[in-house]
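One letter stands for each residue in the lines below.
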Amino acid sequence: YTQVTAHFLAEIDGYSTLMLGPPGNVFVHEWSKLRYGVFEEFGYPGDPLYPMFYYKTTWTTQGQTNVLTPNFCTNKAIQGSMQDILGGECTQKNGVPDSNCIFVGEKEQPITSSVMGAPFVTNNDQYCDESEENIHHPELPTKHNRPVWREKCWMLSRAIKYFAKFDSVPLHI
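Here the residue index of a chain counts from 1 through its sequence in written order. Predicted model: local features are reported for residues with pLDDT of at least 70 only, side-chain atom pairs are reported and counted for 80 or more only, and whole-chain, interface and lining totals are derived from all residues. To get the side-chain values, all heavy atoms of the structure are used, and hydrogens and water are removed first.

1. Here we look at a nonpolar patch on the surface
Next, step 1: A patch consists of residues exposed above 30% relative accessible area that lack any salt bridge, with like charges linked at up to 9 Å and nonpolar side chains (Val, Leu, Ile, Met, Phe, Trp, Tyr) linked at up to 5 Å. The method behind every accessible area is Shrake-Rupley, applied with a 1.4 Å probe, and residues are considered shielded solely by the protein chains displayed. Every case where a carboxyl oxygen of Asp or Glu lies within 4 Å of a side-chain nitrogen of Lys or Arg is listed as a salt bridge. Taken together, the side chains of Tyr15, Leu18, Met19 and Leu20 define a hydrophobic patch exposed on the protein surface, amounting to about 430 Å² of accessible area.
Next, step 2: The helix count covers DSSP runs of H or I at least four residues long, the strand count covers runs of E at least two residues long, and both are numbered beginning at the N terminus. Here Leu18 is to be found in helix H2 (residues 15–20).

2. Some words on the state of the cysteines
Next, step 1: Cysteine sulfur atoms that pair up within 2.5 Å are treated as a disulfide. Taken as a whole and assessed by the stated rule, the structure comprises one disulfide.
Next, step 2: Distance from the sulfur of Cys73, which forms no disulfide, to the nearest cysteine sulfur (Cys128) is 5.0 Å.

3. Some thoughts on the nonpolar core
Within soluble globular proteins, side chains that are nonpolar tend to cluster in buried spots.
Next, step 1: Grouped together as the largest cluster of nonpolar side chains are twelve residues: Phe42, Met52, Phe53, Phe72, Ile78, Cys90, Cys101, Phe103, Ile111, Ala118, Phe120 and Val121.
Next, step 2: Once you skip the residues sitting within four places of it in the chain, Ile111 turns out to touch Thr74, Asn75, Lys76, Ala77, Ile78, Val121, Asn123 and Asn124. Put simply, a nonpolar core is a bunch of buried Ala, Val, Leu, Ile, Met, Phe, Trp, Tyr and Cys residues held in one set by side-chain atoms that sit within 4.5 Å of each other. The buried label applies to any residue whose accessible area, calculated with a 1.4 Å probe on protein chains only, is under 20% of its type's maximum; exposed applies above 50%, and partly exposed to all values in between. By the convention used here, residues are in contact when the closest approach between their heavy atoms is within 4.5 Å.

4. Some points on the environment of Asn123
Next, step 1: Tracing the backbone through its elements, the reader meets Asn123 in the loop between strand S6 (101–105) and helix H4 (153–158).
Next, step 2: For Asn123, a relative accessible area of 34% corresponds to the partly exposed category.
Next, step 3: For the pair Asn123 and Asn25, spaced 98 residues apart in the sequence, the C-alpha separation amounts to 9.1 Å.
Next, step 4: Look past the residues within four positions of Asn123 in its chain and what remains in contact with it is Gln109, Pro110, Ile111 and Thr112.
Next, step 5: Here Gln109 takes part through its backbone oxygen, which lies 3.5 Å from a polar atom of the side chain of Asn123. Polar contact is defined as a pair of N or O atoms within 3.5 Å, subject to the rule that within protein one atom must be able to donate a hydrogen and the other to accept it, and that residues adjacent in sequence are counted only when both atoms are side-chain atoms.

5. Focus on the environment of Phe72
Next, step 1: Counting through the fold element by element, Phe72 comes out in the loop between strand S2 (63–70) and strand S3 (80–84).
Next, step 2: Among the residues examined, Phe72 registers a relative accessible area of 9% and is labelled buried.
Next, step 3: Spatially, the C-alpha atom of Phe72 lies 4.3 Å from that of Phe42, the residues being 30 residues apart in sequence.
Next, step 4: Leave out the neighbours within four places in its chain, and Phe72 touches Glu41, Phe42, Met52, Ile78, Phe103, Gly117, Phe120 and Leu140.

6. So, the pattern of salt bridges
Next, step 1: Tallying each qualifying case throughout the model produces two salt bridges.
Next, step 2: For the salt bridge of Glu30 with Lys33, the shortest nitrogen-to-oxygen distance reads 3.0 Å. Here the residue Glu30 and the residue Lys33 both occupy positions in helix H3 (residues 23–36), the gap between them amounting to three residues, near one helical turn.
Next, step 3: The class of Lys33 is partly exposed, set by a relative accessible area of 23%.
Next, step 4: With its nearest N and O atoms 2.6 Å apart, the salt bridge here joins Lys33 to Glu40.
Next, step 5: A residue is classified by how much of its surface remains accessible, and Glu40, at 10% relative accessible area, is buried.
Next, step 6: In this structure, a network of salt bridges that share partners links the residues Glu30, Lys33 and Glu40.

7. Things to note about the packing of aromatic side chains
Two aromatic rings are characterised by how far apart their centres lie and by the angle between their planes.
Next, step 1: Each pair of aromatic rings taken from Phe, Tyr and Trp, with Trp reduced to its six-membered ring, is defined by centres within 6.5 Å and is described as stacked if the planes are under 30 degrees apart, edge-to-face if over 60, and tilted in the remaining cases. On inspection of all chains with the given rule, the structure shows six aromatic pairs.
Next, step 2: Measuring from ring centre to ring centre gives 6.4 Å for Phe53 and Phe103, while their planes differ by 75 degrees; the resulting arrangement is edge-to-face. Pair noted here: Phe53 is in strand S1 (residues 53–60) and Phe103 is in strand S6, with a separation of 50 residues, a long-range link.
Next, step 3: Classification of Phe53 as buried rests on a relative accessible area of 9%.
Next, step 4: Sitting over the face of the ring of Phe39, Arg146 holds its NZ or CZ atom 4.5 Å from the ring centroid. A ring is scored as having a charge over it whenever the NZ atom of a lysine or the CZ atom of an arginine sits within 6 Å of its centre and within 35 degrees of its normal.

8. Concerning unusual backbone geometry
Next, step 1: Residue Ser113 is joined to Ser114 through a cis peptide bond whose omega torsion reads 5 degrees.
Next, step 2: Take Ser114: it is sitting in the loop between S6 and H4.
Next, step 3: The phi dihedral of Asn94 falls on the positive side, at around 55 degrees, and the residue is not glycine.
Next, step 4: In this fold, Asn94 is placed in the loop between strand S4 (92–93) and strand S5 (96–97).

What follows is the structure in structure tokens.
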């Protein structure tokens, strides 16, 4: 089940939205897990399987480059900062943030998918799918991308009888 607390509803125009993001995004994110069996498309602090940060490998004319990257499946690079959950800057060991290090994403940025990856972003109103605009990144170490799944959230949702006739459904939440 999905639980909505009285505090969340009482603070829907204040603290709840400030901390968690637009209420529509939060509800769609949680409902999607319950109804469609999809999982979060982000990492967790200190989790060895689904880390908050990972090293993204890219190749340039100079050779291989590994860049520490926040673990969020979004259609554009997510903007924000690393912070210690207790306050202050993150501590790193051997180039890896410790288990108290979190990523705090900016609420206003040009991300439009996936609501399962960054529900806190104000204009994020799409699932990931097979399109270039809302591209899914199956290589990211997230719960949704476990070897068993790796399917795009929209494709799983579309498998539900109600959505079968649609090519794409903007959430417009």
